[in-house]
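# Chain and residue survey
Here is what each chain is made of, one letter per residue.
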Amino acid sequence: MATITMRQIRDGEVPFDGGTAIQEAADRPVFRGNGPDDYLCVECGNVLATAMHRVQMTKKVRVRCARCATVNVAVTEEPEAMAR
Ligand SMILES: [Zn+2]
């Protein structure tokens, strides 16, 4: 099982669909799947989602950390061409 650190959502990175999952307790991952990877908060290392498949953690999946209130997204291979 791998652990993947998510990244913080950028300012002005407006959610275009889907929603932000709010983690209610710091010791309770928002998502629990049957895949190979755990996803950690970029800011504090808290586990936000556990046993997830990579394909489940798209840019539409955002999680607000219960511990530090950072909004995380899983997708890190953002096309840099979009940044001006
Ligand atoms: Zn956090």
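Source: prediction; values computed, not measured.

This part is about the overall build of the chain. Scanning the chain from N- to C-terminus turns up 0 helices and 8 strands. Overall, the chain shows an N-to-C arrangement of helices and strands of β-β-β-β-β-β-β-β. Looking at the chain as a whole, 23% of its 84 residues are labelled buried. By sequence separation, contacts in the chain at least 24 residues apart represent 53% of the contacts at least 6 residues apart.

The next point concerns the sheet that holds strand β4 (residues 31-32). Overall, mixed pairing links the 4 strands, which are arranged β1-β5-β6-β4 in an open sheet. Both edges of this open sheet fall to β1 (2-5) and β4, since each of them pairs with a single strand only. Where β4 meets strand β6 (residues 47-52), 2 bridges bridge the pair, whose relative direction is parallel. Paired with F31 across the bridge in β6 is A49.

Of all hydrophobic cores here, the largest spans 14 residues; its most connected members are M6, Y39, L48, A49, M57, V63 and A74. Mapped onto this core, the elements with two or more residues apiece are β6 and β7 (61-64). Looking at this core element by element, the count peaks at 3 residues for β6.

If you trace the 4 strands from one edge of the open sheet to the other, you get β2-β8-β7-β3, paired in mixed fashion. With partners counted over all chains shown, the strands left at the sheet margins are β2 (7-8) and β3 (19-22), one partner each. In terms of strand pairing, β3 meets β7 through 4 bridges, oriented parallel. Directly across from I22, in β7, lies its bridge partner R64.

Conventions and cut-offs
- Residues numbered from 1 in each chain as written.
- Predicted model: local features only at pLDDT ≥ 70, side-chain atom pairs only at ≥ 80, totals over all residues.
- Helix = DSSP H or I, 4+ residues; strand = E, 2+ residues; numbered from the N terminus.
- Buried ≥ 20, exposed ≤ 12 C-beta atoms within 10 Å, placed from the backbone.
- Contact = placed C-beta atoms within 7 Å.
- Pairing = 2+ DSSP bridges.
- Core = buried A, V, L, I, M, F, W, Y, C linked by C-beta atoms within 7 Å.

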